[in-house]
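One-letter residues, chain by chain:
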Amino acid sequence: MAQELRPLLARNPMMIGIHTGGVWVAQRLHDLLKLQEPLGTLDISFYRDDFTRIGMNPEVKASDLPVNIDNRHVILVDDVLHTGRTIRAAMNEIFDYGRPASVTLAVLIDRNGHELPIHADIVGHTMSLNKGQHVKLTSDSATSEGALELKVQEAGE
Amino acid sequence: MSGDLQFDSQGRLHHFLTTEGLDRDTILQILDTAESFVSVGEREIKKVPLLRGKTVVNLFFESSTRTRTTFEIAAKRLSADVINVDTRVSSTTKGETLLDTIRNLEAMHTDLFVVRHSRSGAAYLVAQHVPSHVRIINAGDGSHAHPTQGMLDMFTIRRYKGSFENLKVAIVGDILHSRVARSQIHALTTLGVPEVRVIAPKTLLPTAVERLGVHSYTDMRAGLDDIDVVIMLRLQRERMESARIPSEQEYFNLYGLTTDKLRLAKKDAIVMHPGPMNRGLEIDSSVADGPQSVILPQVTNGIAVRMAVMAIIMGGKAQEEMPAKRPARRHA
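Rules of the game
Residues numbered from 1 in each chain as written. Chains lettered and ligands numbered in written order. Predicted model: local features only at pLDDT ≥ 70, side-chain atom pairs only at ≥ 80, totals over all residues. Heavy atoms only, no water. Salt bridge = Lys/Arg side-chain N within 4 Å of Asp/Glu carboxyl O. Buried < 20%, exposed > 50% of the residue type's maximum accessible area, 1.4 Å probe, protein only. Helix = DSSP H or I, 4+ residues; strand = E, 2+ residues; numbered from the N terminus. Domains from an automatic or database assignment. Contact = heavy atoms within 4.5 Å. Buried area = accessible area lost by both parts, 1.4 Å probe. Pairing = 2+ DSSP bridges. Axes fitted to C-alpha atoms, helices over the stretch in contact; angles between N-to-C directions. Core = buried A, V, L, I, M, F, W, Y, C linked by side-chain atoms within 4.5 Å. Left-handed = near helix turned anticlockwise from the far one by under 90°. Nonpolar A, V, L, I, M, F, W, Y, C, P; charged D, E, K, R; others polar. Right-handed = clockwise from strand over helix to strand, strands pointing away.

Enquirer: Help me out: how do you make sense of the pattern of salt bridges in this one?
Expert: Side chains that carry opposite charge are capable of pairing whenever their charged atoms lie near each other. All names here are of chain B. Using the criterion set out here, one finds 22 salt bridges over all chains in the structure. Of the charged contacts, one joins Arg-12 and Asp-8 as a salt bridge, the two residues approaching to 3.1 Å between their closest N and O atoms. Under the relative-accessibility criterion, Arg-12 is labelled partly exposed at 35%. Between Lys-168 and Asp-226 there is a salt bridge, and its shortest N-O distance comes to 2.8 Å. Linking Lys-168 in strand β5 (residues 168-172) with Asp-226 in the loop between α7 (220-223) and β8 (229-232), this pair joins segments that are 58 residues apart in sequence. Looking at Lys-168, the relative accessible area reads 21%, which means it is partly exposed. Because the salt bridges share partners, they merge into one network encompassing Asp-32, Glu-35, Arg-158 and Arg-159.

Enquirer: What's the story with the domain arrangement of chain B in this structure? I'm lost.
Expert: The accessible area lost on association of the parts is a frequent measure of interface size. Residues and elements named next belong to chain B. According to the domain assignment, chain B contains domain 1 (4-145 + 301-321) and domain 2 (147-296). Taking only C-alpha atoms, the centre of domain 1 and the centre of domain 2 are 26 Å apart. Each side of the interface is counted separately: domain 1 has 35 residues, and domain 2 has 26 residues. Both sides of the domain 1 and domain 2 interface together cover about 2,500 Å² of buried area, and 59% of this is carbon and sulfur.

Enquirer: Would you mind showing me how to read the sheet that holds strand β1 (residues 55-60) of chain B here?
Expert: Hydrogen bonds between backbone groups are what pair the strands of a sheet, and the pairing can be parallel or antiparallel. Residue and element names in this part refer to chain B. Here we have four strands laid out as an open sheet, ordered β2-β1-β3-β4, and parallel in their pairing. The open sheet is flanked by β2 (81-86) and β4 (135-141), the only strands paired with a single partner. Taken over all neighbouring pairs, the strand axes of this sheet differ in orientation by 15° on average, direction set aside. Here β1 runs beside β2; their pairing, made up of six bridges, is parallel. Considered in β2, the bridge of Thr-55 is made with Asp-81.

Enquirer: Even after reading the chapter, I still don't get helix α4 (residues 122-129) of chain B, so can you show me in this structure?
Expert: An α-helical turn contains 3.6 residues, so a residue and the one three or four places further along point in the same direction. Those residues of α4 of chain B that fall on the buried side of the exposure criterion are Ala-122, Ala-123, Tyr-124, Val-126 and Ala-127 of chain B. Looking at the packing, one finds that the buried side of α4 of chain B touches α3 (98-106), β3 (112-117) and β4 of chain B.

Enquirer: Whenever I open this one, the nonpolar core confuses me. Can you help?
Expert: The tendency in soluble globular proteins is for nonpolar side chains to be buried as a group. All names here are of chain B. Counting residues in hydrophobic clusters, the biggest one holds 115 residues, and the most contacted among them are Phe-37, Ile-171, Leu-257 and Met-310. For this core, the element with the most residues is helix α11 (residues 295-314), which contributes 12 residues. Two domains each provide a minimum of three residues to this core, namely domain 1 (4-145 + 301-321) and domain 2 (147-296). Excluding residues within four positions of it along the chain, Met-310 makes contact with Leu-51, Phe-71, Ala-74, Ala-75, Leu-78, Leu-112, Val-114 and Ile-137.

Enquirer: Where do I start with the packing of helix α5 (residues 147-161) of chain B against α11 of chain B in this structure?
Expert: Helix-helix packing is described using two parameters, namely the angle between the two axes and the distance between the axes. Residues and elements named next belong to chain B. Packing of α5 against α11 leaves a shortest axis separation of 8 Å and a crossing angle of 115°. α11 is crossed by α5, and the crossing has right-handed handedness. Facing Thr-148, Gln-149, Met-151, Leu-152, Asp-153, Phe-155, Thr-156, Arg-159 and Tyr-160 of α5, the residues of α11 in contact are Pro-297, Gln-298, Asn-301, Gly-302, Val-305, Arg-306 and Val-309. Looking at the contact of α5 with α11 residue by residue, the classes come out as seven nonpolar, six polar and three charged.

Enquirer: Explanation requested: the pairing of β3 of chain B in the structure shown.
Expert: Side-chain positions along a regular strand alternate between the two faces of the sheet. Residues and elements named next belong to chain B. The element β3 is extensively covered by neighbouring structure, given that six of its six residues are classed as buried. Residues Leu-112, Val-114 and Arg-116 of β3 are buried on one face, and the alternating residues Phe-113, Val-115 and His-117, pointing to the opposite face, are buried as well. In the sheet, β1 pairs with β3 via five bridges, with the strands oriented parallel. Across the sheet, residue Leu-59 finds its bridge partner in β3, namely Val-115. Here five bridges tie β3 to β4, and the two strands are oriented parallel to one another. Residue Phe-113 lies in a different strand from β4, and its bridge partner there is Ile-136. Running through α4, the crossover from β3 to the neighbouring parallel element β4 is right-handed.

Enquirer: In this structure, what is going on with unusual backbone geometry? I would like to understand it.
Expert: Residues other than glycine predominantly adopt negative phi, and peptide bonds predominantly adopt the trans conformation. Residue and element names in this part refer to chain A. Geometrically, the link from His-19 to Thr-20 is a cis peptide bond, its omega value of -5° lying close to zero. Mapped onto the elements of the fold, Thr-20 is located in the loop between β1 (14-18) and α2 (21-32). One non-glycine residue, Asn-12, lies in positive phi territory at about 50°. With respect to the helices and strands, Asn-12 occurs in the loop between α1 (2-5) and β1. Classification of Asn-12 as partly exposed rests on a relative accessible area of 47%. With a phi angle near 60°, Asn-71 is a residue other than glycine that sits in the positive phi range. Its place among the elements puts Asn-71 in the loop between α3 (51-54) and β3 (73-81).

Enquirer: Where do I start with the interface of chain B and chain A in this structure?
Expert: Listed as interface residues are 23 residues of chain B and, on the opposing side, 18 residues of chain A. Overall, the association of chain B and chain A removes approximately 1,600 Å² of surface from exposure, summing both partners, and the carbon and sulfur fraction of that is 65%. Taken as a group, Ser-36, Arg-43 and Leu-50 of chain B account for 33% of the area that chain B buries against chain A, more than any other trio of residues on that side. Between chain B and chain A we count two salt bridges in total. At the level of elements, α1 (24-41), α11 and α12 (318-321) of chain B are the ones that each hand at least two residues to the side of chain B that touches chain A. The biggest single contributor to the side of chain B that touches chain A is α1 of chain B, with seven residues. A per-class count over the side of chain B that touches chain A returns 11 nonpolar, seven polar and five charged.

Printed below as a string of structure tokens:
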């Protein structure tokens, strides 16, 4: 993924990770690409389209975009692209911070089950899973330093 | 008045009526959520879409500037539509009862009422009579409770002091009439503050106040010793049915917070006041405007905390509770 992102460096992009798994992936890409500006982080809890069904995420974190995003080329990073609803929410939130010049979507895993016309520009790995299966990125540490592991879970697990 | 009414059958917060009976996790969830809303208030576009399409009615039967305004800003930042009902010009002055007023506003498909009333228990009465999809927030009922003020005070304390475990907190002044003090005491003890003191003349202390888990002092100088947080209360002359203080000058001499008395507290103690302040009566201007005062940050924090409370009680459960065709009502 870092190799594919390298050509974008000429545009001086800023990187934003989506909590929680997307931040872990973004942190690694950020290090590999040696980006100078701090990584932005986004918690999309306040933008979810299922708020009236499932309520407030009890562990919401503050979004933190340390740099003004107006006219900037944004690389938006998440761990798994599934329905596309998280990305929609993330883009709504990004536009409440300003008007970026462009948004490029990079995901570690692109799986089947898209429900919206949203596609990733840069994909680490493509997976095909059954409807009840979920792929989840886990970390052995609360910080972004820990080892990351991908797990496939059955529904209800 | 117990807090049971504010939880749904699964123990989730449904109304917000009192800090009494809230567990530590619920209080911390409100504070943590509020922390995230602070960053929304610092953005260019200070709105999030959580309550889009919802209608919030601020129903204030008692005057208020700070509380009503911050509730209004909070609801607007959550993208709700907000209506302020000013009772001085409403039909309550024409003899309509509280419940009639509520039923009429409810008929306009209100989702959340923020209620302030001079009678203790008013918000409870309303919560008992609205259908289950309507939520109620108590914005102050008589001398009983003012839970969002209590929560914003906890939020402010945590922002300046980091945690609650090693703190000594003093609440000073008109404890007897103060709904704010009651809400603060419940929250402080639940959060594990090891020492909460109330400081007031005997005539302004409720009987058996120690039962709430606090130590009482009538000597302010002794009570302020080694304190981390000083919370001054407004002397509520409008709620006093008889003379409870000898004279204002004497009250200020004994219980007014001056730079001199504040020196008895810890060097880095913070000074709070829920407002509106009576300068020169319970607090001296040199303290209110001084370096240890966090009175204005309290107001700012009130917005994020009220956003958090609204978001938490309004979230979820929509499908099971939305009345499909508004069936026959209990009070039809």
